[in-house]
Amino acid sequence: MAYTEQEVLAGLAEIVAEETGLPTDTITAEKSFVDDLDIDSLSIMTIVTHAEDKFDVTIPDDAAKDFNLVGDAVNFIVGAQA
Amino acid sequence: MSTVPEVVVTGLGATTPLGGDVASTWSAALAGTSGARTMDNDWAEKYGMPVNFAATIAVKPEEVLTRPETKRMDPSTQYAIIAAREAWKDAGSPEVDGTRLGTVVSSGIGGIWTTLDAWDTLREKGARRVLPMTVPMLMPNSPTGYVSLEFGARAGAHALVSACASGAEAIGYGVEMIRSGRADVVIAGGTEATIHPMPISAFAASRTLSLRNDDPASASRPYDVDRDGFVIGEGSGIVVLESAEHAAARGARVYAKIAGVGLSADGYHITSPEPTGDGQIRAMRDALKDAGVDAENVVHVNAHATSTEVGDLVEARSISTVMGSSADRVALSATKSMTGHLLGGAGALETIFTVLAVHNRQAPPTINVANPDPELTLDLVRDTPRDLPAGDIAALNNSFGFGGHNVALVVKNA
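Everything numeric here is computed off the predicted structure, so don't read it as measured data.

Participant: Tell me about the overall build of chain B, and name the residues and values.
Facilitator: Across its full length, chain B holds 14 helices and 15 strands. At 20 Å, chain B has a C-alpha radius of gyration in line with the 22 Å of a compact globule built from 414 residues. For chain B, buried positions account for 60% of its 414 residues. Across chain B, every contact between residues at least 6 apart in sequence was considered, and the portion connecting residues at least 24 apart equals 78%.

Encoded structure:
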């Protein structure tokens, strides 16, 4: 069963909140991982690893390095679902 | 020619089986409280472990740290950070140039929870699920690295590893950093978080753990005739060391001096102490010589004494040899009877106890000694604290570790 865009955003926000300590409601699609959420590259890779597990998708490094906004990651995950 | 700086202790921090800070830990120790308890898990049943108790940490780090901190640090680092923050605040958060501030925070075993969790993940879910923070979390220098980051300490961040002597050796190295002119202030100590079924099973397999499952609080009983091994503990002790000149210039409160450091190795057996105590005796004598203290001025010894059949007596004989004719005037305390054995954290926590004993003129008790071993000829402080004399006094803290490491520190009043 595929996750909706809303479900992916909500799930990703939970993962980012665990990693950063930011409240989930501040983690929205238009936020930049680096500029707005102050997330370093190790944290992005941690978030990607948790997201792959949670949504049962594969996120190649080439795709992950292009994630600027939270929404970029949401779109990729929604599209990558089988 | 400049003289070698004197090193003083200006801050103390701890999180232990007896309490979440130094004040609660020290008052529980003076009251003769045991930190050992039956573990709240199903490990014994699930894995057939012969031991179902431990001296677990009194205040869980989740109650003190943020969620991201607990996810980015192995528990051993979490304990060290909690203790280091307390010690730093206790020292009055000194203003010091980062290039003159060092850290020496040791662990005996390292981030074993992280190591084994990652291995479980790898086996259950495959390589792609192993988290990128795994290596920086499991490495044994992670606690000192995080403490260095936290306080901007850039004179050097070290992590000396010598099993159960690690915490004391860290403090000894911190003293040397200040004496050699590399730093004015050093955050030093030890930490351990090894209450995991694998290391407990391994220690049990080596027949070094107490099996007193029916009465955990009385299991750690150094020098008692019925002692049957150590009780595994966890936690951290951290001190702020400072050159006496730096401390005086900022009007810092000084607890005591770390006046002497003695180090030696047995070169005899990987786990058993060398039976004549030669290495232990050399470490104690070197520490006293380094401090310029005669054995007859030592009023208190915080022994390594883990509650093992052989180890306790070898050390007691070594202490008797070093103290000679004044041995019967030494108040001997074995605080592992209360805290359990914090492994890499033990030497640091016991240095804190020794510093507080000298500062407050009060030696903490040894509990659970129903029938003292007849071979023990020293004057053991039992059940209630004992006052130490006024005037200039010195105390020794011994720490020994698997591998044949011997560390003795001499503490003098400020």
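Participant: With reference to specific residues and values, describe the packing of helix H11 (residues 278-291) of chain B against helix H12 (residues 309-323) of chain B.
Facilitator: Between two packed helices, the angle of one axis relative to the other and the distance separating the axes together describe the packing. Residue and element names in this part refer to chain B. Running from N to C, H11 and H12 point in directions that differ by 40°, and their axes come no closer than 9 Å. If you check the angle between H11 and H12, you find them oblique. Regarding H11 and H12, the two cross each other, and that crossing is right-handed. Note on element contacts: H12 touches H11 through Val314, Glu315, Ser318, Ile319, Thr321 and Val322, opposite Gln280, Ile281, Met284, Arg285 and Leu288.

Participant: Account for the sheet that holds strand S12 (residues 379-380) of chain B, with residues named and values stated.
Facilitator: Residue and element names in this part refer to chain B. One open sheet holds the 11 strands; their spatial order is S5-S4-S6-S7-S1-S8-S15-S14-S9-S10-S12, and the pairing between them is mixed. Two strands bound the open sheet, and with one partner strand each, they are strand S5 (156-158) and S12. The sheet contact formed by strand S1 (residues 7-15) and strand S7 (residues 235-243) spans 8 bridges and is antiparallel. From the neighbouring strand, Ala14 faces S7, where its bridge partner is Gly237. Where helix H4 (residues 75-90) meets the sheet, it contacts S1, strand S4 (101-107), strand S6 (185-192) and S7, and its direction lies at approximately 130° from that of S1. Contacts from H11 reach strand S8 (256-265), strand S9 (298-302), strand S14 (394-401) and strand S15 (405-413), with the element oriented near 145° to S8.

Cut-off values and rules
- Residues numbered from 1 in each chain as written.
- Chains lettered and ligands numbered in written order.
- Predicted model: local features only at pLDDT ≥ 70, side-chain atom pairs only at ≥ 80, totals over all residues.
- Heavy atoms only, no water.
- Helix = DSSP H or I, 4+ residues; strand = E, 2+ residues; numbered from the N terminus.
- Rg over C-alpha atoms; globule rule 2.2 N^0.38 Å.
- Buried < 20%, exposed > 50% of the residue type's maximum accessible area, 1.4 Å probe, protein only.
- Contact = heavy atoms within 4.5 Å.
- Axes fitted to C-alpha atoms, helices over the stretch in contact; angles between N-to-C directions.
- Parallel < 35°, antiparallel > 145°, perpendicular 65-115°, else oblique.
- Left-handed = near helix turned anticlockwise from the far one by under 90°.
- Pairing = 2+ DSSP bridges.

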